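If you want the building blocks of each chain, they are given just below.
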Amino acid sequence: MPFQKMIDVLPRDVIHIAHDEHRAHYVAYRADGSVYGTFPADNTTHRNAIRGSSSCDNEPRVSDLEKLPGWGKIIAYADDQWGTKSRKIEVNPKNFKDRAPASICIQDTPSEVKLNAQPTCQTNRVDAQGGAVGSGLTWNNAITQGHSQQASVTATAETSFKLGTSFSASLSIPILSKGGSVSAGPSITVSGEFRNSKTESTTFTLDQTNKQELTLNATAGKHCSATVESTTCSATGHGRMRILAKGWVWFVYRKKTKSRYDPTQSHWNWAVNVDRLLSLPERSSEVPYQVTLNSDSRGNIRAKCV
């Protein structure tokens, strides 16, 4: 059975596994040390199991995971289950890399942007292009209406994880002209490349505009024109991009080690699941950022020929 398929069917209370090399199977254990089940090990390489995007580091080091708030909990769990005898701690070990991976990724849910203060808005009427027309002719114009918004994002601290200079991320930004406020209001999700730099900004863009075709009939010599109501808003905000660790940490003992809670079970290779043992805050780090928001909402077209 492929490792990932086995993991998908395990209940949440299965916290750790062991790899029995001689019998070529995995043994899954509940948190209390009792055996949940035994599964045949599939030695086939499954590269898709660790394939990621620019939002992930699929080959983290132990030193990376040691930065997590809950790292001490992982060590304490292993100490309690199998003792502290001579061992090596590994992530993505060569003989298990494709079957029991560990990774560090940007959260897959949008990071919420919170405003520092109420948006500042101003409404004006903006002229559209006009011109004189002859007898029996029409005046045609395509006028932009709808809502557009930009969010310029700059990190105020840089992550030390190996996610590169930029990574894919999503933001949930308040729609300024539709009641965006410090406490609550309509929001929209935008995606883009978040820069892991305090000196470079990234612009996330929302464009919900369209062209409204306007046709006017006019007599000879008339001049036609149109205006559209434009509400521009600006605001500043802040947020935190969460970085999550998931997968397995391996404890490889020099000698077969018995499970404290089931002495009949002894293995060299034990692995703890980070996602199941640690809470979300315990297995995550955050990148704070600041945001400058600008929006333009256009509508209420008026036209005339004089």
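Residues numbered from 1 in each chain as written. Predicted model: local features only at pLDDT ≥ 70, side-chain atom pairs only at ≥ 80, totals over all residues. Heavy atoms only, no water.

**Student:** What exactly am I supposed to notice about the sheet that holds strand S7 (residues 111-112) here?
**Tutor:** Strand pairing in a sheet takes place through backbone hydrogen bonds and is either antiparallel or parallel in direction. The strand order across the open sheet built from three strands is S7-S12-S13, with neighbouring strands paired in mixed fashion. Each edge of the open sheet carries a strand with a single partner, namely S7 and strand S13 (187-195). Direction of pairing for S7 relative to strand S12 (residues 166-174): parallel, over a ladder of two bridges. Bridge pairing in S12 links Ser-111 to Leu-171. (Pairing = 2+ DSSP bridges. Helix = DSSP H or I, 4+ residues; strand = E, 2+ residues; numbered from the N terminus.)

**Student:** In this structure, what is going on with unusual backbone geometry? I would like to understand it.
**Tutor:** Most peptide bonds take the trans form, and the phi angle of most residues other than glycine is negative. The backbone of Asn-92 sits at a positive phi, close to 50°, despite the residue not being glycine. Considering the arrangement of structural elements, one finds Asn-92 in the loop between strand S5 (87-90) and strand S6 (102-106). Looking at Asn-92, the relative accessible area reads 8%, which means it is buried. Of note, the phi angle at Asn-300 is positive, near 55°, even though the residue is not glycine. As for its position among the elements, Asn-300 is in strand S17 (residues 284-305). (Buried < 20%, exposed > 50% of the residue type's maximum accessible area, 1.4 Å probe, protein only.)

**Student:** Would you take a moment to explain the nonpolar core for this structure?
**Tutor:** Grouped burial of nonpolar side chains is what soluble globular proteins tend to show. Core analysis: the largest hydrophobic core is formed by 49 residues, its most contacted members being Leu-171, Phe-194, Met-241 and Phe-251. At eight residues, strand S15 (residues 223-259) tops the list of elements feeding residues into this core. Here Leu-171 is in contact with Pro-110, Ser-111, Val-113, Val-153, Ile-188, Thr-189, Val-190, Phe-204, Met-241 and Tyr-289, once residues within four sequence places are set aside. Within the second largest apolar cluster, 13 residues are counted, among which are Phe-3, Tyr-26, Ala-28 and Trp-250. (Core = buried A, V, L, I, M, F, W, Y, C linked by side-chain atoms within 4.5 Å. Contact = heavy atoms within 4.5 Å.)

**Student:** I keep staring at the packing of aromatic side chains and nothing clicks. Help me out?
**Tutor:** To describe a pair of aromatic rings, you give the distance between the ring centres and the angle between the ring planes. Summed over all chains, the structure comprises six aromatic pairs. Ring geometry for Trp-82 against Phe-251: centres 6.1 Å apart, planes inclined by 50°, an arrangement best described as tilted. In this pair, Trp-82 sits in helix H3 (residues 71-82) while Phe-251 sits in strand S15, placing the two residues 169 residues apart along the sequence. Each member of the pair, Trp-82 as well as Phe-251, carries the same accessibility label: buried. Look at Phe-167 and Phe-194: their rings are 5.3 Å apart centre to centre, the planes differ by 25°, and that puts the pair in the stacked class. Within this pair, whereas Phe-167 is found in strand S12, its partner Phe-194 is found in strand S13, the two being separated by 27 residues in sequence. Overall, Phe-167 belongs to the buried group, its relative accessible area being 0%. Joined through ring pairs, the aromatic side chains of Tyr-29, Tyr-77, Trp-82, Phe-251 and Trp-270 make up one cluster. (Phe/Tyr/Trp six-rings, centres within 6.5 Å; stacked < 30°, edge-to-face > 60°.)

**Student:** So what exactly am I meant to see when it comes to a positive patch on the surface here?
**Tutor:** Together, Lys-85, Arg-254, Lys-255 and Lys-258 give the surface a local cluster of positive charge. Considering the arrangement of structural elements, one finds Lys-85 in the loop between H3 and S5. Judged by relative accessible area, which is 65%, Lys-85 ranks as exposed. (Patch = residues over 30% accessible without salt bridge, like charges linked within 9 Å, V, L, I, M, F, W, Y side chains within 5 Å. Areas by Shrake-Rupley, 256 points an atom, 1.4 Å probe, with all protein chains shown as cover. Salt bridge = Lys/Arg side-chain N within 4 Å of Asp/Glu carboxyl O. Lys, Arg positive; Asp, Glu negative; His and termini not counted. Charge placed at Lys NZ, Arg CZ, Asp CG, Glu CD.)

**Student:** How should the confidence of the model for the protein be read in this particular structure?
**Tutor:** Any region with low pLDDT has predicted coordinates that should not be read closely. Across the protein, pLDDT averages 82, with 86% of residues at or above 70. Long-range and interchain partners of residues 45-53, a stretch whose pLDDT sits below 50, account for 12 contacts in this model, where long-range means more than four residues apart. Confidence drops under a pLDDT of 50 for residues 180-184, and excluding neighbours within four residues, the segment shows 13 contacts in the predicted structure. (pLDDT = per-residue confidence, 0-100.)

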